[in-house]
Amino acid sequence: MTDEVEQAAGGWWRRVDHRSSATLFFIALAGAYGMLFASMLPALVDVWVAHLHLSERTAGLIATANVLAATIGLGLSIRLVSLWSLTRIARAGIVAALVGDLASIVASDATELFLFRSLAGLGLGLLAGAMTNWFGRHEHAERGFGMSIMLQFVLAALLFAAIPALHPWFGQASVYVALLSLGAVSVILHPLFNLNGGSVPLPATMKASAVQEEGRSTAIKVSAVLAFALFELAVVGLWSYMLRYAELGGMSPDTASRFLALSSLCGIPGTFLVFYLGSRYGRLWPLLASLAVYALPTLALIRLQASSLVLVTALVLQNIAWAFAAPYFQAVQASLDKTGKLAVWGMLVASAGAGLGPALLGAAIDDRSYVVAFAAVVAMLAVSALLVARPAIVADRTAD
């Protein structure tokens, strides 16, 4: 037994049941600091432009470096799970992110900020990878991933609300203070990653899944990952242009922004529904139902004008379906690979798909017409359903 495991053996976390709903919530809260690296970019970019007087282009490059570093951290976590405990990975990520955020407060130019945000992004990616791997090993993975997505909605809204309140005391550092407070929560809760086998490196002999016995493991896993990536490409790409679409339909910019902000909060009921249903109906049927719920209002937007009622209804249904589907995509990946690595690969590839979404959907918008873009989204959702069907069936069979 290593020194780290011996020290962990007497930890307070031993009294916690890893299967409880409260534990799933606290694990999601411990990893939330690592999951908000993209959500908080608007506030960070605003600080860089307004207070450091960087150009929009330079701020955009730094934001890209932040996200790419987080992606590298995610990928690195896949390698480290065989060498380090999840707790150690999370701790290294938290330290790097905290140092990066603290140093960013005193950055005086673009070069320093680039380095500090890259360090923070790398740490956030490691923490996100540790949390994703922990949920990927869990028997109720869909509930854990649902908790994580719910917290991303809630905490992003709370942090954006807190930043103006902090400004009189901390000025331009307010956004970093808000992030650091979330990092402090991760410091307190990260020992929970010791639970469910997270206190030791992943055994090299651990079987990935019963799926391997069928001789179709690789193809099924790739299909599960690609299905999630295509789903994220479609929904993130479409979401990127919904504000513009609303304005072209006659809404004022303020009204359209308000509608989008309120509709995004409707993702929260979708995550609660995931937690309530769990794997009661397997993974296949919830996935197919949520993809259909997302596709139907998209089809309606092809045929109907973007009146306020139609658009708001579509946005509400789409956000509920988005938040409901994503945890089940990840749960399929978790069921196919009990090491939790596939769930992290899924997040990596899905992030790449989400990044490509705005560019590809933008190419489908012709002369202010969104018909081709909406049709492309529906087609991608259909292909995603076809790709995920077989992996979901195998995952459900394995769970039986």
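Scroll up a little and you will see the structure.
Keep in mind that what you see is a predicted model, and the values were worked out from it rather than measured. (Residues numbered from 1 in each chain as written. Predicted model: local features only at pLDDT ≥ 70, side-chain atom pairs only at ≥ 80, totals over all residues. Heavy atoms only, no water.)

Caption draft 1: A look at the overall build of the chain. What the chain contains, in helices and strands, is 15 helices and zero strands. Computed over the C-alpha atoms, the radius of gyration of the chain is 21 Å, within 12% of the 21 Å expected from 2.2 N^0.38 for a compact globule of 400 residues. Taking the principal axes of its C-alpha atoms as reference, the chain extends roughly 65 × 55 × 30 Å. For the chain, the proportion of its 400 residues judged to be buried stands at 52%. Of the contacts formed within the chain by residues at least 6 apart in sequence, a portion of 84% connects residues at least 24 apart. Treating the 23 positive side-chain charges of the chain as one cloud and the 21 negative ones as another, the clouds have centres 7 Å apart. (Helix = DSSP H or I, 4+ residues; strand = E, 2+ residues; numbered from the N terminus. Rg over C-alpha atoms; globule rule 2.2 N^0.38 Å. Buried < 20%, exposed > 50% of the residue type's maximum accessible area, 1.4 Å probe, protein only. Contact = heavy atoms within 4.5 Å. Lys, Arg positive; Asp, Glu negative; His and termini not counted. Charge placed at Lys NZ, Arg CZ, Asp CG, Glu CD.)

Caption draft 2: Just the nonpolar core, in detail. Counting residues in hydrophobic clusters, the biggest one holds 69 residues, and the most contacted among them are Tyr 33, Met 40, Trp 48, Trp 134, Phe 135, Val 175 and Phe 193. Contacts of Trp 134, omitting those with residues within four sequence positions, involve His 18, Thr 23, Leu 24, Ile 27, Leu 86, Leu 192, Phe 193, Leu 195 and Asn 196. Core analysis: the next-biggest nonpolar cluster, separate from the first, contains 56 residues, Phe 231, Phe 324, Ala 326 and Ala 385 among them. (Core = buried A, V, L, I, M, F, W, Y, C linked by side-chain atoms within 4.5 Å.)

Caption draft 3: Structural detail: the pattern of salt bridges. Within the structure shown, the criterion is met by four salt bridges. Arg 283 is paired through a salt bridge with Glu 142; the nearest N and O atoms lie 3.4 Å apart. Placement of Arg 283 in the loop between α11 (267–277) and α12 (284–303) and of Glu 142 in helix α7 (residues 141–170) is noted, with a sequence separation of 141 residues between them. Residue Arg 283 pairs with Asp 396 through a salt bridge whose shortest N-O separation is 3.9 Å. In this pair, Arg 283 sits in the loop between α11 and α12 while Asp 396 sits in helix α15 (residues 371–399), placing the two residues 113 residues apart along the sequence. For the pair shown, Arg 283 and Asp 396 are each scored as buried. When salt bridges that share partners are traced, they join Glu 142, Arg 283 and Asp 396 into one network. (Salt bridge = Lys/Arg side-chain N within 4 Å of Asp/Glu carboxyl O.)

Caption draft 4: Focus on unusual backbone geometry. Positive phi is not limited to glycine here, since His 53 has a value of about 60 degrees. Residue His 53 is classed as exposed on the basis of its relative accessible area, which comes to 66%. At Asn 196, a position not held by glycine, the phi torsion is positive, near 55 degrees. Of note, Asn 196 is situated in the loop between α8 (174–189) and α9 (217–248).

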